[in-house]
Amino acid sequence: MPTLILLRHGQSRWNLEDRFTGWVDVDLTPEGEAQATKGGELIKAAGLQIDRAFTSVLTRAIRTCWLALTAAGQVFVPETKDWRLNERHYGGLTGLNKTETAAKHGADQVKIWRRSYDVPPPPLPPGGEFDFSKDRRYAGATLPDTESLKTTLDRVAPYWTAEIAPRLAAGETVLVAAHGNSLRAIVKLIYALSSDAIIDVEIPTGNPLLIELDAALKPTSARYLDEARATKLPTYGS
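(A) Fine view of the overall build of the chain. Secondary structure summary: the chain contains seven helices and six strands in total. From first element to last, N terminus to C terminus, the chain shows the α and β order β-α-α-β-α-β-α-α-α-β-α-β-β. With the C-alpha coordinates of the chain rotated into their principal frame, the extents come out at 50 × 40 × 35 Å. For the chain, the proportion of its 238 residues judged to be buried stands at 51%. Of the contacts formed within the chain by residues at least 6 apart in sequence, a portion of 75% connects residues at least 24 apart. Entry remark: accessible area of the chain is about 10700 Å², with carbon and sulfur atoms responsible for 51%. Of the side-chain charges in the chain, 28 are positive and 29 negative, and the distance between the mean point of each set is 0 Å.

(B) Geometry of the sheet that holds strand β1 (residues 3-8). Taken in spatial order, the six strands make up an open sheet running β3-β2-β4-β1-β5-β6, and their pairing is mixed. At either margin of the open sheet sits one strand with a lone partner, and together these are β3 (79-81) and β6 (219-224). Along the sheet, successive strands turn relative to each other by an average axial angle of 20°, direction set aside. For strand β5 (residues 209-213) and β6, the ladder comprises five bridges, and the chain directions are antiparallel. Directly across from Ile 211, in β6, lies its bridge partner Ala 222. Sheet contacts for helix α7 (residues 180-191): β1, β4 (173-178), β5 and β6; angle to β1, the most-contacted strand, approximately 150°.

(C) Representation of the packing of helix α2 (residues 30-45) against helix α3 (residues 59-71) in the model. It is the contact of α2 with α3, at a shortest axis distance of 7 Å, that shows an interaxial angle of 40°. Relative to α3, α2 is oriented oblique. Note on packing geometry: the crossing formed by α2 with α3 is right-handed. In this structure, α2 contributes Glu 33, Ala 36, Thr 37, Gly 40, Glu 41 and Lys 44 to the contact, and α3 contributes Arg 63, Thr 64, Leu 67, Ala 68 and Ala 71. Each residue belonging to the contact of α2 with α3 can be placed in one class, and the counts come to four nonpolar, three polar and four charged.

(D) Structural detail: unusual backbone geometry. Its identity as a non-glycine residue notwithstanding, Ala 192 has a phi of 50°, on the positive side. Here Ala 192 lies in the loop between α7 and β5. A positive phi angle, close to 60°, is found at Leu 217, a residue other than glycine. As for its placement among the helices and strands, Leu 217 is situated in the loop between β5 and β6. Classification of Leu 217 by relative accessible area gives buried; the value is 15%.

(E) Quick look at α3. The end-to-end C-alpha distance of α3, which contains 13 residues, comes to 18 Å, matching closely the 18 Å that a straight helix rising 1.5 Å per residue would cover. Of all the positions in α3, only Arg 60, Ala 61, Ile 62, Thr 64, Cys 65, Ala 68, Leu 69 and Ala 71 are classed as buried. Following α3 by one or two positions, Gly 73 adopts a phi angle in the positive range, close to 70°.

(F) Looking closely at the pairing of β1. Counting buried residues in β1 gives six out of six residues, a clear majority hidden from the surface. Here β1 shows a buried face lined by Thr 3, Ile 5 and Leu 7 and a second buried face lined by Leu 4, Leu 6 and Arg 8. When β1 meets β4, the two strands line up parallel, connected through six bridges. Note on β4: the bridge partner recorded for Leu 4 is Val 174. Pairing geometry for β1 and β5, over four bridges, is antiparallel. Within the sheet, the bridge partner assigned to Thr 3 lies in β5 and is Glu 212.

About the cut-offs
Residues numbered from 1 in each chain as written. Predicted model: local features only at pLDDT ≥ 70, side-chain atom pairs only at ≥ 80, totals over all residues. Heavy atoms only, no water. Helix = DSSP H or I, 4+ residues; strand = E, 2+ residues; numbered from the N terminus. Buried < 20%, exposed > 50% of the residue type's maximum accessible area, 1.4 Å probe, protein only. Contact = heavy atoms within 4.5 Å. Areas by Shrake-Rupley, 256 points an atom, 1.4 Å probe, with all protein chains shown as cover. Lys, Arg positive; Asp, Glu negative; His and termini not counted. Charge placed at Lys NZ, Arg CZ, Asp CG, Glu CD. Pairing = 2+ DSSP bridges. Axes fitted to C-alpha atoms, helices over the stretch in contact; angles between N-to-C directions. Parallel < 35°, antiparallel > 145°, perpendicular 65-115°, else oblique. Left-handed = near helix turned anticlockwise from the far one by under 90°. Nonpolar A, V, L, I, M, F, W, Y, C, P; charged D, E, K, R; others polar. Expected span 1.5 Å × (residues − 1).

This is how it looks when you write it as structure tokens:
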């Protein structure tokens, strides 16, 4: 039976500082490390045997993957990193404090930028502190200067289809350790959610979401391994 485990990275330094992070490569806090380790302990307690792990090219997701696999006793599992599993690019909001940004632009506007499906923040100006065009992780790639959840899905979907879905179709158990918005993009895909329904989907940090799939990779069951920190699960086709 194909089995998918989605794991959102633990708390990062900029999560703690309430800043828009996006593609900036910040590390986990000690609390974030503890969350990732706890996620791995839950995977071990559930008796899950992972065949392959996928993660982004950002440190907070990579280290979450490593810490979880270590705690699960499965650090040997093959791992693939790809920028298409990165967090959503927050454009011109990158690095800004969320509370201060709301005070400047208005809470309603910031809510639209953060939670709407297809309205991106203002683009990131080229050549600034957070210009990723010269980062060798993205060599040869056409990079966005801002993203909505919709355009995040536009880059996640082809990667899912080409790399992750075939592993699941072969009956493997796959761990994807990534970010809130790249994981929400995957959830939208496999649950066939509408653009309105995905807005309300939130994935908690460090809490593995275990999804069992049928041969067509349609979800048959899902649960968070830490039930005390679970959020509402989506309904297929909603």
